[in-house]
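Observations on the three-dimensional arrangement
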Amino acid sequence: MSKTENATAWMERMAADNSHGYDQIFRWGQKGDYDCSAAVISAWQQAGVKVRDAGATYTGNMLAAFLKCGFVDVTNSITLSTGAGLKRGDVLLNTSHHTAIYCGNGREVEASINEKGTATGGTPGDQTGREFLIRSYRNYPWNHVLRYNEPDAKKSVGEIANEVLAGKWGNGSDRRSRLEAAGYDYSAVQSAVNAKLSGSSTRKTYDQLAREVIAGKWGTGSDRKKRLTAAGYDYNAVQSRVNELLR
């Protein structure tokens, strides 16, 4: 799981658990509650991006600390009024008042307000279902959108195959050397390239593969990963669909 996914999923879990509400006094989870900035900061801190250690404590100093920790300000590439251009995990920030994380499909997740409509004095936990919630995206307004630059993020086998076909990885032994040096499985990539060149109609969907995995047709653990990858499939995408089907 990437750090971006880790942070976003943490926020979603908090929103789904009514033991977590909103409070600006006990804002770091001491009684289960958070305020908007403490929630977003905590999400990334526990994901391994040490934004709190870098000085992030509230909306007013989040920008500098997050940029120091590898985030990029992508505000100019986003249509704030509609959310066009946003990606799952983007940090939505108004440096004076509020922050949230965009969680995809036109939604954002955030700590908002307590059951009294105030910032302090409420009962610990979410009394209304809207103290810590997932809601439709809206432009608060935000004055910054921050996106974490995953240093170890790798592209899928399919993405690399497309790059190979575009000539970005060279040919022959040079291609193999470059792919392996970058940490990719040459055989898996080449299999995907061959499938794309043949226009094979026998390629299975991730849903089909996931159901086969659940039925035990692809083995378990590292053996499953090796077999799926060797067949030219994106193991992480297959496993993600398996997890969705088993929920």
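Throughout what follows, the structure given in this document is the object of discussion. The shown structure was predicted, so the numbers you read here are calculated from the model rather than taken from an experiment.

It is worth spelling out the sheet that holds strand 1 (residues 71-73) at this point. Read from one edge of the open sheet, six strands run 1-6-2-3-4-5, paired in antiparallel fashion. Both edges of this open sheet fall to strand 1 and strand 5 (132-136), since each of them pairs with a single strand only. Averaged over neighbouring strand pairs, the angle between their axes works out to 30° when direction is ignored. Taken strand by strand, helix 2 (residues 36-46) contacts strand 1, strand 2 (91-94), strand 3 (98-104), strand 4 (107-111), strand 5 and strand 6 (144-148), and its axis lies near 50° from that of strand 3. Across the sheet, helix 3 (residues 59-68) touches strand 1, strand 2, strand 3 and strand 6, and the angle it forms with strand 2 is around 135°.

What follows concerns the packing of aromatic side chains. Between two aromatic rings, the relevant description is the distance of the centres plus the angle of the planes. Enumeration over the complete set of coordinates arrives at 10 aromatic pairs. Summarising the aromatic geometry, the rings of tyrosine 102 and tyrosine 137 are spaced 6.2 Å apart at their centres and angled 80° between planes, so their arrangement reads as edge-to-face. Within this pair, whereas tyrosine 102 is found in strand 3, its partner tyrosine 137 is found in the loop between strand 5 and strand 6, the two being separated by 35 residues in sequence. For tyrosine 102, a relative accessible area of 9% puts it in the buried group. Owing to a relative accessible area of 12%, tyrosine 137 belongs among the buried residues under this scheme. Taken together, the ring pairs connect Trp44, Phe66, Phe71 and Tyr148 into an aromatic cluster. We note lysine 31 situated over the ring of phenylalanine 26; from NZ or CZ to the ring centre the distance is 4.0 Å. Cation over ring: arginine 52 sits above tryptophan 28, and NZ or CZ is 3.7 Å from the ring centre.

For any two helices packed against each other, one specifies the inter-axial angle together with the distance between the axes. Interaxial distance between helix 1 (residues 3-16) and helix 2 falls to 8 Å at its minimum, and their mutual angle equals 135°. Considered as vectors, helix 1 and helix 2 are oriented oblique to each other. Crossing angle aside, the handedness with which helix 1 passes helix 2 is right-handed. In this structure, helix 1 uses Lys3, Thr4, Asn6, Ala7, Trp10 and Met11 to contact helix 2, whose residues at the interface are Ala39, Val40, Ser42, Ala43, Trp44 and Gln46. Classifying every residue of the contact of helix 1 with helix 2 by side-chain character gives seven nonpolar, four polar and one charged.

Tracing the sequence through the fold places threonine 123 in the loop between strand 4 and strand 5. With relative accessibility at 43%, the residue threonine 123 sits in the partly exposed group. On a C-alpha basis, the gap between threonine 123 and lysine 31 in space is 9.6 Å, while along the polypeptide they are 92 residues apart.

Turning next to unusual backbone geometry. Even without glycine at this site, asparagine 105 takes up a positive phi of about 55°. With respect to the helices and strands, asparagine 105 occurs in the loop between strand 3 and strand 4. Relative accessible area serves as the criterion here: at 73%, asparagine 105 is assigned to the exposed category.

This part is about the state of the cysteines. Summed over all chains, the structure comprises zero disulfides. Free cysteine: cysteine 36, not disulfide-bonded; nearest cysteine sulfur from cysteine 103 at 16 Å. The class of cysteine 36 is buried, set by a relative accessible area of 7%.

Successive side chains on a regular strand alternate, one facing one side of the sheet and the next facing the other. Residue alternation in strand 2 divides its side chains into two sets, Val91 and Leu93 and Leu92 and Asn94, and both sets are buried. Relative to strand 3, strand 2 runs antiparallel, the two being bridged by four bridges. Bridge pairing in strand 3 places valine 91 opposite isoleucine 101. Taken together, the three bridges between strand 2 and strand 6 define a ladder with antiparallel strand orientation. By the bridge assignment, leucine 93 is partnered in strand 6 with histidine 144.

Our focus in this paragraph is helix 4 (residues 157-165). Those residues of helix 4 lying buried are Val157, Ile160, Ala161, Glu163 and Val164. The buried residues of helix 4 occupy one face: seen down the axis, they fall within an arc of 160°. Where helix 4 ends, the next residue or the one after it, glycine 167, has phi of about 85°, a positive value.

Cut-offs and rules
- Residues numbered from 1 in each chain as written.
- Predicted model: local features only at pLDDT ≥ 70, side-chain atom pairs only at ≥ 80, totals over all residues.
- Heavy atoms only, no water.
- Pairing = 2+ DSSP bridges.
- Helix = DSSP H or I, 4+ residues; strand = E, 2+ residues; numbered from the N terminus.
- Axes fitted to C-alpha atoms, helices over the stretch in contact; angles between N-to-C directions.
- Contact = heavy atoms within 4.5 Å.
- Phe/Tyr/Trp six-rings, centres within 6.5 Å; stacked < 30°, edge-to-face > 60°.
- Buried < 20%, exposed > 50% of the residue type's maximum accessible area, 1.4 Å probe, protein only.
- Lys NZ or Arg CZ within 6 Å of the ring centre and 35° of its normal.
- Parallel < 35°, antiparallel > 145°, perpendicular 65-115°, else oblique.
- Left-handed = near helix turned anticlockwise from the far one by under 90°.
- Nonpolar A, V, L, I, M, F, W, Y, C, P; charged D, E, K, R; others polar.
- Disulfide = S-S within 2.5 Å.
- Arc of directions from axis to C-beta.

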